[in-house]
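Results of the structural survey
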Amino acid sequence: MRALSELAAFECALGDPTDRGGAFSFARCAELDRAEEFPADICRLLDELGLPRQYVPAEFGGGLASYEQAMQRIRLVARRDLTVAIAHGKTYLGSVPVWVGGSAAQACRLGADVLGGAVVSLGLTEPEHGSDLLASDVTATPAGAGWLVDGEKWLINNATRGDLLAVLARTADGAGPRALSLLLVDKRRLPAGSFQHSPAVRTHGIRGADISGITFTAAPVPAGAVIGPVGTGVETTLKALQLTRTMCAALSLGAADHALRLGLRFALEHRLYDRGLIDLPHARRILAEAYTDLLVAEALSLVAARSVHTLTGELSVTSALVKYFVPATVEELVGRLGQLLGARAFFTGTYADGMFQKVERDHRVVGIFDGNTLVNLNALINQFGRLVRGYRDGSADQAGLAAAATFTAPLPAFDRDALTLLARRGSSLVQSLPACVDELQALAGAGVVPAELAGHAKQIREAVDDLHARLAAHRPSRDVPAAAFTLAKRYTWAAAAAACMQLWLRNRAGRTGELWAGGLWLDAALRRTLRRFQPALPDTDDAVFDRLAGCLRQQYAAGQLFSVQPFPLAEAAGLAEAPGLAEAPGLAEASGPAEASR
Ligand SMILES: Cc1cc2nc3c(=O)[nH]c(=O)nc-3n(C[C@H](O)[C@H](O)[C@H](O)COP(=O)(O)OP(=O)(O)OC[C@H]3O[C@@H](n4cnc5c(N)ncnc54)[C@H](O)[C@@H]3O)c2cc1C
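Bear in mind the structure is a predicted one, so any value in this text is a computation, not a measurement.

**Structural notes on the overall build of the protein chain**
A tally of regular secondary structure across the protein chain gives 22 helices and nine strands. The C-alpha radius of gyration of the protein chain comes to 24 Å, within 12% of the 25 Å expected for a compact globule of 598 residues. By its C-alpha atoms, the protein chain is 75 × 60 × 40 Å across when sized along the principal axes. Considering the protein chain as a whole, with its 598 residues, one finds that 60% of them fall into the buried category. Counting contacts in the protein chain only where the partners sit at least 6 residues apart, residues at least 24 apart contribute 78% of the total. Counting only carbon and sulfur atoms, one obtains 55% of the accessible surface of the protein chain, whose full area is about 21800 Å². Distance between charge centres in the protein chain, computed from 59 positive and 62 negative side chains, equals 3 Å.

Encoded structure:
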């Protein structure tokens, strides 16, 4: 309960986004986007509200103690505006290499800097090298007690506005990963003339963001700027990306909430053929499916965020499947909602301040940066052998998985030393799927869930068994065949289904609302997943999706976040005066008593 109250308090402090005069309103964000102007005032507001504390681990002086909570806060910012979430959240991404690989003293110093308002960037990409980090050309050459940095980093979020930059640089000759190191470059301490900014590029989405570059010319940095031992730059980067890729899900979840809210609002307002658009079964189905897909993406994101604490050694797999599945699912979802909005999805100003087309444009970048879609699928392909062995053994870290999937379970502190480049055990989440299916079948036998739901779960298990047989037949090669990417995508569907099963099973006790009772949202989620595996399946889903559309409307009417554990948003009437969340409209009905005990 406390965690949700804190989130609601943060959301409330951001103000009602539908209030056109508000500092962080939809209208203001649209205006800034049209002017391609950096949202400086809104970022300052987030600083004043203490968001940077969520970027600094508690052990280094900040307030980041739960990756789930941090994800939810960024999601709340992102549901208003992705430009702001990406521009402000960059400080977390830029700092992670130090949290993961730096000394305690270096991390505490940076922590104090971030709490004081410093903006930190991540400098990996170069003009000639996108995903190919090993090809990095920027160099750091020993000079006296420190280093001289030379070369250009480009397409860097906040390269110009930022104060510090974690830079991946070549510190030795040779092609291997040990030739690269990470350095924390403090621009405020560089002599004039030793660096120059490249102008911000104009972008299709997040138009106000500072996506620019920086060129170093014999820029002197002290020995203490190196993050971890010299030669560990690639290892630290890959470990840091496991955290940042997981957290990127918050951006997609926020975008999905925003797009779905606009789509539902339109369907409720718009009339044609003498009735409301919402009354057309096909329109209702689009909305219910979008809602389901959002809940599936949420389930995987929440389990992954909690896994940072409890299944840390599996994060190389978990982060890759989240970074593929969540942005890809939300991109599809936004596209389908765009069809529902028709012409209004195309307007830049006249309908809802043109926010729909802005969300659609802005969100496209989430699948591109921080490891694009194919890079993440490739990361899964590299581990097919381990994933197959884990599934065949049926091995899983049961305690870690249960803690990741149970909202009320306390989370242990994140242990950076438990991060590994390869998941030795595979994925406990996917490997638990057969056991979840058995549990659901037993519950169907006891009349707790519909037999059809358990039947769908069983069909998904068969598809996942078959998938693992195909993964086993894959032979690693330098030229990864296109078919392997298809298999990796299917693996992410298996993980999403497993996350839904886990989340419903571990949190169902005591929940009486329509969304949870009888497994309604799980039923819809499994239908959607099964259809991914078997697109030609006959459509018998109307009743389930109609009921789910009812839950969606209920959360909308109550001004709640679209979620399996909803809470009131700032636009919910009377939230500011509400003494506690229990009184919030619709909350008890939608989330059930188990939530109230949190
Ligand atoms: C708005 C924005 C903000 C950014 N912010 C930052 C930042 O703060 N810091 C930073 O360091 N970088 C940043 N980037 C850069 C971003 O991380 C890179 O764009 C990204 O890594 C991909 O690089 P690329 O677009 O140059 O494409 P490339 O990696 O060169 O890819 C080109 C094509 O090759 C495909 N491809 C790549 N790898 C594989 C593979 N293994 N198998 C099959 N196909 C593959 C890609 O899918 C793509 O189709 C940002 C980019 C944008 C657009």
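After that view of the structure, there is still more to cover.
**Things to note about the site of the ligand**
In the region of the ligand, 21 residues are neighbours, and Leu122, Leu124, Thr125, Ser131 and Leu155 sit closest. One nitrogen or oxygen atom from the side chain of Lys90 is found 2.9 Å from an oxygen atom belonging to the ligand. In the complex, 65% of the free accessible area of the ligand, which totals 970 Å², lies under the protein chains. Listed by contribution, the elements that provide at least two residues to the shell around the ligand are strand E1 (120-123), strand E3 (146-157) and helix H12 (373-381). Across the shell around the ligand, the residue classes tally to twelve nonpolar, seven polar and two charged.

**Quick look at the side chain of Asn507**
By the secondary structure assignment, Asn507 is in helix H18 (residues 482-507). Polar side-chain contacts of Asn507 include one of 2.7 Å to the backbone oxygen of Ala405. Setting aside chain neighbours within four positions, we find Asn507 in contact with Ala405, Thr406, Phe407 and Trp516.

**Looking at the packing of aromatic side chains**
By the definition in use, this model includes eight aromatic pairs. Relative to Tyr92, the ring of Tyr55 lies with its centre 6.3 Å away and its plane at 45°, an arrangement referred to as tilted. Of this pair, Tyr55 sits in the loop between helix H3 (40-48) and helix H4 (67-78) while Tyr92 sits in helix H5 (residues 82-101), and the two are 37 residues apart along the sequence. Owing to a relative accessible area of 2%, Tyr92 belongs among the buried residues under this scheme.

**A closer look at the nonpolar core**
Among the nonpolar cores identified, the biggest contains 184 residues, and Tyr92, Leu337 and Trp521 are the most heavily contacted of them. The residues contacting Tyr92, other than those within four sequence positions of it, are Tyr55, Leu64, Tyr67, Trp99, Leu243, Thr244 and Met247.

**Examining a nonpolar patch on the surface**
Among the surface-exposed residues, Leu238, Leu421 and Leu422 lie close enough to one another that they form a single nonpolar patch of about 220 Å² accessible area. One can find Leu422 in the loop between helix H14 (398-405) and helix H15 (428-431). For Leu422, a relative accessible area of 36% gives the class partly exposed.

**A look at the pattern of salt bridges**
The final tally for this structure, using the stated rule, is 42 salt bridges. For the salt bridge of Arg188 with Asp186, the shortest nitrogen-to-oxygen distance reads 3.0 Å. Here Arg532 and Glu332 are joined by a salt bridge, their closest N and O atoms 4.0 Å apart. A residue pair is termed long-range when its members are at least 10 positions apart, and Arg532 in helix H19 (residues 520-533) and Glu332 in helix H10 (residues 315-341) qualify at 200 residues. Each of Arg285, Glu289, Asp293, Arg336, Arg528, Asp539 and Asp542 takes part in a single network of salt bridges with overlapping partners.

**Regarding the confidence of the model for the protein chain**
Averaged over the protein chain, the pLDDT score is 94; the fraction of residues at 70 or greater is 95%. Per-residue pLDDT stays below 50 along residues 574-598; that stretch engages in 57 contacts with residues further than four places along the chain or on separate chains.

**Points about the packing of helix H9 (residues 281-310) against H14**
Any two packed helices are characterised by how steeply their axes cross, that is the angle between the axes, and by the distance between the axes. Contact geometry for H9 and H14: axes closest at 8 Å, N-to-C directions at 135°. As judged from the angle between their axes, H9 and H14 are oblique. Between H9 and H14 the crossing geometry is right-handed. Contacts from Leu302, Val303, Arg306, Ser307 and Thr310 in H9 reach Gly400, Ala403, Ala404 and Ala405 in H14. Among the residues forming the contact of H9 with H14, the class breakdown is five nonpolar, three polar and one charged.

**A word on the environment of Gly313**
Mapped onto the elements of the fold, Gly313 is located in the loop between H9 and H10. For Gly313, a relative accessible area of 25% puts it in the partly exposed group. In this structure Gly313 touches Ala418, Thr420, Leu422 and Ala423, once residues within four positions along its chain are discounted.

**With respect to the environment of Gly367**
Its location among the elements puts Gly367 in the loop between helix H11 (355-363) and H12. Accessibility expressed as a relative area gives 10% for Gly367, which makes it buried. As a C-alpha pair, Gly367 and Ser252 span 115 residues in sequence and 9.2 Å in three-dimensional space. Setting aside residues up to four positions removed in sequence, Gly367 forms contacts with Lys323, Pro327, Asn372 and Thr373.

**What to know about H14**
Those residues of H14 that fall on the buried side of the exposure criterion are Gly400, Leu401, Ala403, Ala404 and Ala405. At its buried positions, H14 is contacted by H9, H15 and H18.

**Side note on the pairing of strand E7 (residues 211-221)**
Taken residue by residue, a regular strand's side chains alternate between the two faces of the sheet. Taken together, the nine bridges between E3 and E7 define a ladder with antiparallel strand orientation. Across the sheet, Trp147 pairs through a bridge with Val221, a residue of E7.

**Points about the side chain of Ser194**
Inspection of the secondary structure puts Ser194 in the loop between strand E5 (180-186) and strand E6 (195-198). Those residues in contact with Ser194 that lie beyond four places of it in its chain are Thr215, Phe216, Thr217, Ala218, Ala219 and Pro220.

**A word on the environment of Pro450**
Along the polypeptide, Pro450 turns up in the loop between helix H16 (433-445) and helix H17 (451-473). Assessed through its relative accessible area of 35%, Pro450 is described here as partly exposed. Each C-alpha atom, one on Pro450 and one on Leu422, is 39 Å from the other, the two residues being 28 residues apart in sequence.

**Considerations on the state of the cysteines**
Taken as a whole and assessed by the stated rule, the structure comprises zero disulfides. No disulfide involves Cys436; its nearest neighbouring cysteine sulfur is the one of Cys500, lying 11 Å away. Cys436 gets classed as buried once you look at its relative accessible area, which sits at 1%. By relative accessible area, which is 0% here, Cys500 ends up buried.

Procedures and definitions
- Residues numbered from 1 in each chain as written.
- Predicted model: local features only at pLDDT ≥ 70, side-chain atom pairs only at ≥ 80, totals over all residues.
- Heavy atoms only, no water.
- Helix = DSSP H or I, 4+ residues; strand = E, 2+ residues; numbered from the N terminus.
- Rg over C-alpha atoms; globule rule 2.2 N^0.38 Å.
- Buried < 20%, exposed > 50% of the residue type's maximum accessible area, 1.4 Å probe, protein only.
- Contact = heavy atoms within 4.5 Å.
- Areas by Shrake-Rupley, 256 points an atom, 1.4 Å probe, with all protein chains shown as cover.
- Lys, Arg positive; Asp, Glu negative; His and termini not counted.
- Charge placed at Lys NZ, Arg CZ, Asp CG, Glu CD.
- Near = heavy atom within 4 Å.
- Polar contact = N/O pair within 3.5 Å; in protein donor to acceptor, adjacent residues only side chain to side chain.
- Nonpolar A, V, L, I, M, F, W, Y, C, P; charged D, E, K, R; others polar.
- Phe/Tyr/Trp six-rings, centres within 6.5 Å; stacked < 30°, edge-to-face > 60°.
- Core = buried A, V, L, I, M, F, W, Y, C linked by side-chain atoms within 4.5 Å.
- Patch = residues over 30% accessible without salt bridge, like charges linked within 9 Å, V, L, I, M, F, W, Y side chains within 5 Å.
- Salt bridge = Lys/Arg side-chain N within 4 Å of Asp/Glu carboxyl O.
- pLDDT = per-residue confidence, 0-100.
- Axes fitted to C-alpha atoms, helices over the stretch in contact; angles between N-to-C directions.
- Parallel < 35°, antiparallel > 145°, perpendicular 65-115°, else oblique.
- Left-handed = near helix turned anticlockwise from the far one by under 90°.
- Pairing = 2+ DSSP bridges.
- Disulfide = S-S within 2.5 Å.

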